[in-house]
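# Coordinate inspection notes
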Amino acid sequence: MEDVILMQNVWKAYPNGVMALNGIDLSVKQGEFVYIVGPSGAGKSTFIKMIFRELKPTRGKIFINNKNIANLRERQVPYFRRKIGVVFQDFRLLPKLTVYENVAFALEVIEEHPRTIKKRVMEVLDLVGLKHKMRSFPDQLSGGEQQRVSIARSICNRPPVLIADEPTGNLDPETSWQIMDVFKRINEQGTTIVMATHNRDIVNKIRHRVIALEGGMIVRDQQEGDYGYED
Amino acid sequence: MAMKIRTLRRHVNESFKSLGRNGWMTFASVSAVTVSLVLVGLFLMVMFNLNKIAGDIESDVEVRVYLDQSITQAQQDALEQDLKEVKNVQSVQFQSKKQGLNSLMKSLGNDKKSFADLQKENPLPNAFILKTKKPEQTIHVANQVRDLPNVTDVRYGKGTVEKLFHFIRIARNVGIVLIIGLLFTSVFLIANTIKLTIVARRREIEIMKLVGATNAFVRWPYFIEGLVMGILGSVIPVVLVMVVYRFAYYGLGGNLQQMFIRLIPYHTMTTNLSLLLVGIGAIIGVWGSMSSVRKFLKV
Ligand SMILES: Nc1ncnc2c1ncn2[C@@H]1O[C@H](COP(=O)(O)OP(=O)(O)OP(=O)(O)O)[C@@H](O)[C@H]1O
Ligand SMILES: [Mg+2]
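Residues numbered from 1 in each chain as written. Chains lettered and ligands numbered in written order. Predicted model: local features only at pLDDT ≥ 70, side-chain atom pairs only at ≥ 80, totals over all residues. Heavy atoms only, no water.

In this section: a nonpolar patch on the surface. All names here are of chain B. A cluster of nonpolar residues, Leu232, Val235, Ile236, Val239, Met242, Val243 and Phe247, forms a patch on the protein surface that exposes about 660 Å² of accessible area. In terms of residue count, helix H10 (residues 235–258) provides more of the nonpolar patch than any other element does, six residues in total. In this structure, Phe247 sits in helix H10. Take Phe247: its relative accessible area is 64%, and that puts it in the exposed class. (Patch = residues over 30% accessible without salt bridge, like charges linked within 9 Å, V, L, I, M, F, W, Y side chains within 5 Å. Areas by Shrake-Rupley, 256 points an atom, 1.4 Å probe, with all protein chains shown as cover. Salt bridge = Lys/Arg side-chain N within 4 Å of Asp/Glu carboxyl O. Helix = DSSP H or I, 4+ residues; strand = E, 2+ residues; numbered from the N terminus. Buried < 20%, exposed > 50% of the residue type's maximum accessible area, 1.4 Å probe, protein only.)

Turning to the sheet that holds strand S6 (residues 84–88) of chain A, a few remarks are in order. Residue and element names in this part refer to chain A. If you trace the six strands from one edge of the open sheet to the other, you get S6-S7-S8-S3-S9-S10, paired in mixed fashion. Of all strands in the sheet, those with a lone pairing partner are S6 and strand S10 (217–222), marking the two edges. Across this sheet, the average inter-strand angle for adjacent strands is 15 degrees, counted without regard to direction. Here strand S3 (residues 33–37) runs beside strand S8 (residues 192–196); their pairing, made up of four bridges, is parallel. What sits directly across from Ile36, in S8, is Ala196. (Pairing = 2+ DSSP bridges. Axes fitted to C-alpha atoms, helices over the stretch in contact; angles between N-to-C directions.)

Residue and element names in this part refer to chain A. The element S8 is largely enclosed, with a buried count of five among its five residues. Burial along S8 is two-sided: the face carrying Thr192, Val194 and Ala196 and the face carrying Ile193 and Met195 are both buried. In terms of strand pairing, strand S7 (residues 161–165) meets S8 through five bridges, oriented parallel. The partner of Val161 across the bridge, within S8, is Thr192.

Attention now moves to the nonpolar core. All names here are of chain A. Ranked by size, the top nonpolar core spans 92 residues in total, and within it Tyr35, Leu125, Phe183 and Ile186 carry the most contacts. Every residue in contact with Ile186, bar those within four places of it in the chain, is listed here: Leu127, Ile151, Ile155, Leu162, Thr191 and Ile193. Grouped together as the second largest cluster of nonpolar side chains are 33 residues, Val4, Ile36, Ala42 and Ile69 included. (Core = buried A, V, L, I, M, F, W, Y, C linked by side-chain atoms within 4.5 Å. Contact = heavy atoms within 4.5 Å.)

Of the residues lining the interface, 17 residues belong to chain B; the matching set on chain A comes to 21 residues. The largest contributions to the chain B side of the interface with chain A come from Ile207, Leu210 and Val211 of chain B, which together make up 32% of the buried area. Our count for the contact surface shared by chain B and chain A stands at two salt bridges. Here Glu206 of chain B and Arg92 of chain A are joined by a salt bridge, their closest N and O atoms 3.0 Å apart. Our count for the chain B to chain A interface comes out at five residue pairs in polar contact (both at pLDDT 80 or more). Sorting elements by how many residues they give to the side of chain B that touches chain A places helix H8 (residues 202–210) of chain B first, with seven residues. (Buried area = accessible area lost by both parts, 1.4 Å probe. Polar contact = N/O pair within 3.5 Å; in protein donor to acceptor, adjacent residues only side chain to side chain.)

A word on the site of ligand 1. All names here are of chain A. The immediate surroundings of ligand 1 are formed by 14 residues, with Ser40, Lys44, Ser45, Thr46 and His198 found nearest. With respect to ligand 1, the side chain of Ser40 contributes an N or O atom lying 2.5 Å from an oxygen atom. Compared with its free state, where it exposes 620 Å², ligand 1 has 63% of that area covered by protein. Classifying every residue of the shell around ligand 1 by side-chain character gives five nonpolar, seven polar and two charged. (Near = heavy atom within 4 Å. Nonpolar A, V, L, I, M, F, W, Y, C, P; charged D, E, K, R; others polar.)

Attention now moves to a positive patch on the surface. Residues and elements named next belong to chain A. A cluster of like positive charges, contributed by Lys67, Arg73, Arg75 and Lys83, occupies part of the molecular surface. Looking at where Lys83 falls in the secondary structure, it is placed in the loop between helix H2 (77–81) and S6. Residue Lys83 is classed as partly exposed on the basis of its relative accessible area of 46%. (Lys, Arg positive; Asp, Glu negative; His and termini not counted. Charge placed at Lys NZ, Arg CZ, Asp CG, Glu CD.)

All names here are of chain B. Within the secondary structure, Leu227 sits in helix H9 (residues 215–233). Take Leu227: its relative accessible area is 27%, and that puts it in the partly exposed class. As for Leu227 and Val211, which are separated by 16 residues in sequence, their C-alpha atoms are 27 Å apart. Among residues more than four places away in sequence, those in contact with Leu227 are Ala282, Gly285 and Val286.

Let us look at the packing of aromatic side chains. Residue and element names in this part refer to chain B. Enumeration over the complete set of coordinates arrives at ten aromatic pairs over all chains. The interplanar angle of 70 degrees and the centroid separation of 5.5 Å between the aromatic rings of Phe94 and Phe128 together place this pair among those described as edge-to-face. Of this pair, Phe94 sits in strand S2 (residues 89–95) while Phe128 sits in strand S3 (residues 127–132), and the two are 34 residues apart along the sequence. By relative accessible area, which is 30% here, Phe94 ends up partly exposed. We classify Phe128 as buried; its relative accessible area is 0%. Geometrically, the ring pair formed by Phe184 and Trp287 is edge-to-face, given 5.5 Å between the ring centres and 70 degrees between the ring planes. (Phe/Tyr/Trp six-rings, centres within 6.5 Å; stacked < 30°, edge-to-face > 60°.)

Further remarks concern the environment of Val124 of chain A. Residues and elements named next belong to chain A. With respect to the helices and strands, Val124 occurs in helix H4 (residues 114–127). Given a relative accessible area of 3%, Val124 falls into the buried group. In the structure, Val124 is positioned 33 residues away from Asn157 in sequence and 9.6 Å away in space, judged by C-alpha atoms. With residues up to four places along the chain from it excluded, the contact list for Val124 reads Val103, Ala152, Ile155 and Cys156.

Below, the discussion takes up unusual backbone geometry. Among all residues save glycine, negative phi is the norm, and among peptide bonds the norm is trans. All names here are of chain A. Positioned with a positive phi, Asn9 is a non-glycine residue whose angle comes to about 50 degrees. Mapping Asn9 onto the fold places it in strand S1 (residues 3–13). With a phi close to 50 degrees, Glu224 is a non-glycine residue in the positive phi region. Along the polypeptide, Glu224 turns up in the segment after S10.

All names here are of chain B. Pairing in this open sheet of four strands is antiparallel, and the strands run S2-S3-S1-S4 from one edge to the other. Pairing within the sheet leaves two strands with one partner each, and these edge strands are S2 and strand S4 (151–156). Neighbouring strand axes in the sheet, compared pairwise and without regard to direction, differ in orientation by 20 degrees on average. When S2 meets S3, the two strands line up antiparallel, connected through six bridges.

As C-alpha cells, this is what we get:
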C-alpha cells in the first residue's frame, strides 16, 4: 500500500525554544484511520499542524503523497493544502454565511467552477446529513451540526487526507458519536483520517490504530489500540 | 495565467462591499488623497511652467546688442566686424528697428492690438543679433561686447534665468517636503482603512488560507479597494486643475506673453497633469492597501 503520510526523523522546536516534537518516525497508509492520543502538551496539535504545513519541521522530512512538504515553496503551499481537509475543535464557520455558503466558500476561493460547486456542496451536505439545514446560519445550529458543516467543508474538495484536532472536544458524548459516524462514512470512501483526541470512550469503542505521544515522542503505535492511559 | 471573469467579478464585488461597509473611513481616506493631490496638482502646474520658462530662456543662444541711435554706417560696419571676431560667436545678423518690431509682434500672435500704438513711434533701437554655439556661452559673449563703442545695451537670457532657477530650486524643495508629507499621510490613512476591513474579515482570510486559496486571491479585493480609493481621490484634483489652468492660461497667459513668457499649452498641460494625478492616486491607494495586507498574509 501507498504511504499517504511518511515522517522521517521529524523535530519541531518553537521559536521560544520549546521542543514540541522530538524525532518522529511514522508511516500512514492510504485509507487508514489513526487516533493521536497523549496528555496535554504532548505535541498532538503540533503534529497535526505539520501535516498541513501550518508549521515547518525544524528537522526531518514529511512526505504527503510522496511529496516532501518540508521544503515546499511558499507559492505551492495553497495548492498542497487543497489536498488536505482540516477540522478543528472550534468549527471555524463564517457566521454571516449560511450552511450552504460556508461550504461553497471553500470551493469558491480555490476558483472551482460554479456547477461543480453546487454539485459537490449538495453531495457533502447529504453525506453529513445536513441537506435540510442548508439555508440555516451557524448560530441556528447545535454544536454537533456546526461541526458537521465544518467537516462537510473540509471534504468538499475530495482531499485524500482528512486531519482533525479534537473534533469532539466541544461536544457532548451523544453528539460526538454522530461526528464519529460521519468520519466513518468518509473513511469508508477511502479517505485517510488522522484525528487527535482526548476522548477515551470513542477510542476504546471504535477501534482504530492508536499513536500515543508523550513529550513529543511516539511512545506507542498499536493497531486496534486502546486509549491506554489515565488523564 | 489569466484570471477568470467570474473571479474578477467576485473580487470587485467584495471590494465595493467593504468600501461601503466602512463608508466613513473610505470617505476620510479619499478626502485625504484629494487634499494631497489638489496641492500636488497646483504645485506641479506652477513648477512645470517655471521649468519650461527657464528652459526656454536657457536654451536661448541669442545675444542682442542694441546700438546707439546716432551711429553712422561706417561705425556700424566696423562694429559688425568686431562682433564677428569675438570668440564663440557663431553668427552676426543686423536687425533694423522695424524688423525688430515686426518679429516682436509676430511672436505675440493675436495680442498685437495692444501694440498698435507702438508702430506709430517705434521705441526699439537697431540691433545686432549674435548667436553662440551653446547657451552657456551667451554670458561670456555678452560681457565681452558690452564695452564696445556705440553699444548701448546687451541682452541675453542667461542672466534672468539664474535668478529664476534659484527661485525654482527653493520653491521645489519646500513644495516637495510638503507634498511628501501629505502623500505619506494619505498612504497611511488608506492603509488604516484597509486594515479595518482586513481585521473585520480575519476569520474569512484564515479560512481561505486553510482551504488553499492563494495569496494573490486573498490579496485582490484589497488591491482593488486601494486602487478605487486612490483613483476616487484624484477626481476632484483633476477637475480643479483643468478649471484653474483654464483661467491661468487664457486669463493670465496673454499678459505674460507681453513679457515674452509662453506658458505650456492648455491641452498638453491638463492631459499630462491629469494622467499624473490619477497615477499618483492609484499608487498611493495600492501602496497603502498592500502594506496593510502584507502583515496579514504571513502563514
Ligand atoms: N505557538 C507555540 N509557541 C511555543 N510553544 C508552543 C506553541 N504551541 C505549542 N507549544 C508548546 O509545544 C508543546 C506541544 O504543544 P501542543 O499544542 O502540540 O500539545 P497538545 O498535545 O496538542 O496539547 P493539548 O492536548 O493540550 O491540545 C507544549 O509544550 C506547548 O506549550
Ligand atoms: Mg492540542
